[in-house]
Amino acid sequence: MEGLSRSHGCGDLRMTHLGETVTLMGWVSKRRDHGGLIFVDLRDRSGKVQIVFSPEISKEAFHLAESVRGEYVLAVSGEVRQRPEGTENPALPTGEVEVEVRSLTVLNQAKTPPFYITENVDVDENLRLRYRYLDLRRPDMQEGLILRHRVTKTIRDFLDERGFLEIETPMLTKSTPEGARDYLVPSRVHPGEFFALPQSPQLYKQLLMVSGFEKYFQFARCFRDEDLRADRQPEFTQLDMEMSFINREDIIQLVEDMFCHLFRQVMGIELPQPFPRLSYAKAMDKYGSDKPDLRFDLELKDVTDLVKDSGFKVFASVCAAGGQVKGLRVPGCAHYSRKELDDLTKFAGIYGAKGLAWMILAPEGLKSPISKFFTEEEIDAIINRLEAETGDLLLFVADKPQVVAQALGALRVEFGKRLNLIDPEEFNFAWVIDFPLLEYDEDEKRYVAIHHPFTSAKEEDLPLLATEPLKARAQAYDLILNGVEVGGGSIRIHNRQNQEQLFSLLGFSQAEAQEKFGFLLEAFEYGTPPHGGIAFGLDRLVMLMAGKDTIRDVMAFPKTQSASDLMTKAPSPVAEQQLKELKLRVDEKKTAVAQGED
RNA sequence: GGAGCUGUAGUGUAGCGGUUAACAUGUCGGCCUGUCACGCCGAAGAUCGCGGGUUCGAUUCCCGUCAGCUCCGCCA
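What you see is a predicted model; the values in this text were computed from it and never measured.

J.: Describe the sheet that holds strand β22 (residues 531–537), and please don't skip the residues or the numbers.
T.: Spatially, the eight strands line up as an open sheet ordered β6-β9-β10-β22-β21-β20-β17-β11, and their pairing is mixed. In the strand order of this sheet, the two ends are held by β6 (165–166) and β11 (277–279), each with one partner. Strand direction decides the pairing type here: strand β9 (residues 215–223) and strand β10 (residues 235–244), joined by nine bridges, are antiparallel. Residue pairing across strands places Lys215 opposite Met243, the latter belonging to β10. Running at roughly 150° to β9, helix α4 (residues 139–161) makes contact with β6, β9 and β10 of the sheet. Relative to β22, helix α6 (residues 248–267) is tilted by about 30°, and along the sheet it contacts β10, β11, β17 (429–433), β20 (476–481), β21 (484–491) and β22.

Quick look at the structure:
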């Protein structure tokens, strides 16, 4: 490298550089050896350009190039030249030019990679994760991380402009009840005691409000030891924000401005403002989800009133037991076969539905195994309610409201995809507001907070906390994008009495509340401003902006579904000495149980 | 904790109760001065994820297991 200095990025060369002598450094993407002439596509972060080795230009470079292989790291210098007429490559941004190489330095050799370093590879994810550093060489993976950088950079600048301060909070923190399972870190200095990695910086950011910082944000790494999904990793990044002296409208306005700015700057897209809002109750009722995909219509219709007194016992008994019956109209699917309907039933079963009733509005008349239980008037009323037409398939689920919503909500999304009702280019933002504050946990026999225990109830619902807590609505709001929850927040409780009241509703004794959250309760006694905030899942947001199906594709080093890192082989056992220092002993629970025992 | 899908040369796939396990691509060698999915000739490359069972015989069928993925539960 002595005396060598890169002058341009490979992907940056254009006709305007004609005649310039350039020095490029990058990887061999492809080599085409014609015997007397060698072409190499040289790739770096900026893109690719064709470089040419010819004995007429440099015998030395040409012969050296004969030994070059894929993914070798090269430094070349030579003149940018217009390609001979007829040999331009319109598929490449640099396709009008090439570099004729006068000197070549092989900076490093490379083994043949285990998979192709190109766009759109369909390789076993096992391999991609094991060789993540090679996977990340692929241009579309680089684009994802570059996009991620531009998103964080744009947001940082925006929030700075609006008077926000970026403040870091600890990673070694206190384990608190409620919420996800914690990742624990043993304390060497305090044997038998543990830190928890933060599930979010929630309490710290509220305390920063007590401290008077007024506007805070942070790109915060969060940890939750729960099972993974395509959009859930054990560690992930939140854009975390908190503000004092604000109300819900202030936050919504700021966030909409922020996303409009972000999409304008990064994607060149103008988002329509204001973002639509719908209540939790309406979202659940119409779409069976608290994060509905609003890129397509398909609404659920409640037919409970029409069927509760009908002769169909399955429906009637569910209604009598306090359940409900809802229907989904699937346009143009009257041709569905028995097998396809059985598969749909199985699909609904995943979400707990014990069955799936259907009606087919065929041109030759109604086909349905349940129609014989209804009068003609009842059937007409149902068809009217669903606004169904000939050629439609109608699907019904009868169950507890929660099961009906989940099953039909999932079917709605499924048909949105199957019927191609979704515009993949669209970014459909909306707010879901007025969440309930609490729900009842049947397993634990107590109330649990839907958002989190620091969320304030709506002022007009405060009296309900003492009488009918489940009816109280929270000052909470989620931001959804294309059926994905990308963020959520709330106005917080900011005085000790209200916070203690909520803890007690959640079933904490005063002593427990003091032990777990005493520092917060105490802080609230020293002049706490009204405050609230919101946090966004950065990985999910970037995933959607990049058009990817999993957040793994926009994270540099993600974990597998079983929360391990195939590249480093983490987690792994540690030395006995390390355990000793921590005063820890592994319970030798047999992992390798003998086979074939009875 | 549960359900489903996948696992065959380096990679992506095909295949079948008895095969020399096929194809493409990559790799290696030779030829080739305008290619860009370069072309042509040749070669090497497989413990058919692992273990057990059924069978005269299993890569193929069955059971188990491991790994990856998708989903349910879980994720304030």
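J.: I'd love a proper account of the protein's contact with RNA strand B, names of residues and values included.
T.: Around RNA strand B, the surrounding shell holds 53 residues, and the nearest of these are Lys30, Asp33, Thr87, Ala449 and His451. Here the atoms of RNA strand B within 4 Å of the protein split so that 50% fall in sugar or phosphate, with bases taking the remainder. Within the side chain of Arg83, an N or O atom sits 2.6 Å from a base nitrogen of RNA strand B. Note that a sugar or linking oxygen of RNA strand B is positioned 2.6 Å from one of the side-chain N or O atoms of Glu226.

J.: So what's going on with the pairing of strand β2 (residues 38–44)? Residues and values would help.
T.: Burial within β2 is extensive, with seven of its seven residues counted as buried. With burial as the criterion, each face of β2 is covered, one bearing Ile38, Val40, Leu42 and Asp44 and the other bearing Phe39, Asp41 and Arg43. Inspection of the sheet shows strand β1 (residues 21–33) paired to β2 by six bridges, in the antiparallel sense. Considered in β2, the bridge of Arg32 is made with Phe39. Adjacent in sequence and paired antiparallel, β1 and β2 are bridged by four residues, among which Gly35 carries a positive phi angle near 85°. Where β2 folds back onto strand β3 (residues 47–53) in an antiparallel hairpin, the turn is made up of two residues.

J.: I'd love a proper account of the packing of aromatic side chains, names of residues and values included.
T.: Going through the model one piece at a time under the given rule, you end up with 22 aromatic pairs. With a centroid separation of 5.2 Å and an interplanar angle of 70°, the aromatic rings of Phe259 and Phe536 are classed as edge-to-face. Of this pair, Phe259 sits in helix α6 while Phe536 sits in strand β22, and the two are 277 residues apart along the sequence. The class for Phe259 is buried, based on a relative accessible area of 1%. With a centroid separation of 6.5 Å and an interplanar angle of 55°, the aromatic rings of Phe315 and Phe396 are classed as tilted. Of this pair, Phe315 sits in helix α9 (residues 313–320) while Phe396 sits in strand β16 (residues 393–399), and the two are 81 residues apart along the sequence. Of the two residues, Phe315 and Phe396, neither departs from the other in class, the shared state being buried. Site record: aromatic cluster; members linked through ring pairs are Phe259, Phe263, Phe275, Phe427, Phe429 and Phe536. One cation-aromatic arrangement involves Arg412 over Phe296; the distance from NZ or CZ to the ring centre is 4.1 Å. Across from the ring centre of Phe415, 5.3 Å away, lies the NZ or CZ of Arg418, which sits over that ring.

J.: Give me the lowdown on a nonpolar patch on the surface, citing residues and values where you can.
T.: Taken together, the side chains of Met171, Leu172 and Phe195 define a hydrophobic patch exposed on the protein surface, amounting to about 240 Å² of accessible area. Within the element layout of this structure, Phe195 appears in strand β8 (residues 194–196). Taking the relative accessible area as the measure of exposure, Phe195 reaches 31% and is therefore partly exposed.

J.: Residue-level account of the sheet that holds β16, with values.
T.: Ordered by their spatial adjacency, five strands build an open sheet running β12-β13-β16-β14-β15, and the pairing between neighbours is antiparallel. Each edge of the open sheet carries a strand with a single partner, namely β12 (300–302) and β15 (365–367). Strand-to-strand twist across the sheet, computed as the mean angle between neighbouring axes with direction ignored, equals 25°. Inspection of the sheet shows strand β14 (residues 357–362) paired to β15 by three bridges, in the antiparallel sense. Across the sheet, the residue bridging to Ala362 is Gly365, located in β15.

J.: Got a sec to walk through α6? Specific residues and values, please.
T.: Taking 1.5 Å as the rise per residue, α6 with 20 residues should run 28 Å; its terminal C-alpha atoms sit 27 Å apart, in good agreement. For α6, the capping residue at the N-terminal end is Asn247, with a side-chain oxygen 3.0 Å from the backbone nitrogen of Glu249. Gly268 sits one or two positions beyond α6 and adopts a positive phi of about 70°.

J.: Please give an account of the confidence of the model for chain A that cites residues and values.
T.: On average, residues of chain A carry a pLDDT of 95, and 98% of them reach 70 or more. Counting interchain partners and residues more than four positions distant, the pLDDT-below-50 stretch residues 590–598 has zero contacts. Here the predicted complex carries an ipTM of 0.93, next to a pTM of 0.95.

J.: Help me get a handle on the environment of Leu366, residues and values and all.
T.: Relative to the assigned elements, Leu366 resides in strand β15. Residue Leu366 is classed as partly exposed on the basis of its relative accessible area, which comes to 32%.

J.: Tell me what's going on with the pattern of salt bridges, and back it up with residues and numbers.
T.: Applying the stated criterion across every chain, the model contains 56 salt bridges. We note a salt bridge from Lys301 to Glu387, for which the minimum N-O separation is 3.7 Å. Of the two residues, Lys301 sits in strand β12 while Glu387 sits in the loop between α11 (376–385) and β16, which places them 86 residues apart along the sequence. Judged by its relative accessible area of 53%, Glu387 is exposed. Salt-bridge contacts for Asp309 lead to Lys308; the nearest nitrogen and oxygen are separated by 3.5 Å. Members of the salt-bridge network, linked through shared partners, are Arg128, Arg132, Asp135, Arg138, Asp140, Lys548 and Asp553.

J.: I'd like a rundown of the nonpolar core, residues and numbers included.
T.: Ranked by size, the top nonpolar core spans 45 residues in total, and within it Met241 and Phe259 carry the most contacts. When residues in this core are grouped by element, the largest group, 10 residues, is from α6. Look past the residues within four positions of Phe259 in its chain and what remains in contact with it is Leu271, Phe275, Phe429, Leu479, Phe536 and Leu541. Within the second largest apolar cluster, 31 residues are counted, among which are Leu437, Phe517, Ala523 and Phe524.

Here is what the cut-offs are and how they apply
- Residues numbered from 1 in each chain as written.
- Chains lettered and ligands numbered in written order.
- Predicted model: local features only at pLDDT ≥ 70, side-chain atom pairs only at ≥ 80, totals over all residues.
- Heavy atoms only, no water.
- Pairing = 2+ DSSP bridges.
- Helix = DSSP H or I, 4+ residues; strand = E, 2+ residues; numbered from the N terminus.
- Contact = heavy atoms within 4.5 Å.
- Axes fitted to C-alpha atoms, helices over the stretch in contact; angles between N-to-C directions.
- Near = heavy atom within 4 Å.
- Polar contact = N/O pair within 3.5 Å; in protein donor to acceptor, adjacent residues only side chain to side chain.
- Buried < 20%, exposed > 50% of the residue type's maximum accessible area, 1.4 Å probe, protein only.
- Phe/Tyr/Trp six-rings, centres within 6.5 Å; stacked < 30°, edge-to-face > 60°.
- Lys NZ or Arg CZ within 6 Å of the ring centre and 35° of its normal.
- Patch = residues over 30% accessible without salt bridge, like charges linked within 9 Å, V, L, I, M, F, W, Y side chains within 5 Å.
- Areas by Shrake-Rupley, 256 points an atom, 1.4 Å probe, with all protein chains shown as cover.
- Salt bridge = Lys/Arg side-chain N within 4 Å of Asp/Glu carboxyl O.
- Expected span 1.5 Å × (residues − 1).
- pLDDT = per-residue confidence, 0-100.
- Core = buried A, V, L, I, M, F, W, Y, C linked by side-chain atoms within 4.5 Å.

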